[in-house]
Amino acid sequence: KQNAAYGVLRRIVGSEMCIRDSYKWGEDYSYYNVSPYFVIFDEAAAFSALLDSKDKKEYDKYVSKIILEGRQAGIFIIFAMQRPDVDFLPGALRDQLGLRVALGSMSNDGYRMVFGSSNAKDLILSDKTAGFYMDMKMDRPKEFYTPYLDIDFIQELEKLINYKKVDISKAE
């Protein structure tokens, strides 16, 4: 699984983000009529924790390149994790993420890891279905609400798994 994840990161960094001959200063991916590309990385911190120091260094190089240069190329990375600490993602890179979201109640340390130390003060959720979000234009996180789903999650997940699967990696 580690090799598969590296393969995806290498392909994105190596080919999708290359400079085109027709590059025009100040233009982004939309100028070239290129569709955005989303990388969804679930349990990224757990994956990162499994790597030895050599692989971690290579992984950090790829992730840093996507975070720092990806928006211009139309490549956006979405991290989902339980604990977004600096061992996984340094604060300087975290601050470059376009949108940060914290769902549910977290410790003060958890909020600091997501939003930075100066933005995490006095964050208290008003409802169990709430969370906080913050984009690059905001100076402080804002609360938002999600619907409470009273469903059998495992049963609904099984329905999705049994639904017709489509392999989008082979789509043109």
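For the structure, check the block above.
This section reports on the structure supplied with the text. (Residues numbered from 1 in each chain as written. Predicted model: local features only at pLDDT ≥ 70, side-chain atom pairs only at ≥ 80, totals over all residues. Heavy atoms only, no water.)

Taken together, the buried positions of helix α5 (residues 108–115) are occupied by Gly110, Tyr111, Met113, Val114 and Phe115. The inward-facing, buried residues of α5 contact α4 (91–94), β3 (99–103) and β4 (130–135). The first or second residue beyond α5 is glycine 116, which carries a positive phi of 95°. (Buried < 20%, exposed > 50% of the residue type's maximum accessible area, 1.4 Å probe, protein only. Helix = DSSP H or I, 4+ residues; strand = E, 2+ residues; numbered from the N terminus. Contact = heavy atoms within 4.5 Å.)

This part covers a nonpolar patch on the surface. On the surface, a nonpolar cluster with roughly 730 Å² of combined accessible area is contributed by Leu149, Ile151, Phe153, Ile154, Leu157, Leu160 and Ile161. On the basis of relative accessible area, isoleucine 151 is assigned to the partly exposed category, the value being 45%. (Patch = residues over 30% accessible without salt bridge, like charges linked within 9 Å, V, L, I, M, F, W, Y side chains within 5 Å. Areas by Shrake-Rupley, 256 points an atom, 1.4 Å probe, with all protein chains shown as cover. Salt bridge = Lys/Arg side-chain N within 4 Å of Asp/Glu carboxyl O.)

By the definition in use, this model includes three salt bridges. Residue lysine 56 is joined to aspartate 60 by a salt bridge in which the shortest nitrogen-to-oxygen separation is 2.7 Å. Remark: aspartate 60 and lysine 56 occur in helix α3 (residues 53–73); sequence separation between them is four residues, near one turn of the helix. A residue is classified by how much of its surface remains accessible, and lysine 56, at 17% relative accessible area, is buried. In this structure, the salt-bridge partner of aspartate 109 is arginine 112, at a minimum N-O distance of 2.1 Å. Of the two residues, aspartate 109 and arginine 112 are both situated in helix α5; the distance of three residues between them amounts to about one turn of the helix. Here aspartate 109 falls in the partly exposed class, since its relative accessible area comes to 41%. Relative accessible area serves as the criterion here: at 36%, arginine 112 is assigned to the partly exposed category.

Turning our eyes to something else, we now look at unusual backbone geometry. Residues other than glycine seldom take positive phi values, yet glutamate 43 does so here, at roughly 55°. Looking at where glutamate 43 falls in the secondary structure, it is placed in the loop between β1 (37–42) and α2 (44–49). On the basis of relative accessible area, glutamate 43 is assigned to the partly exposed category, the value being 32%.

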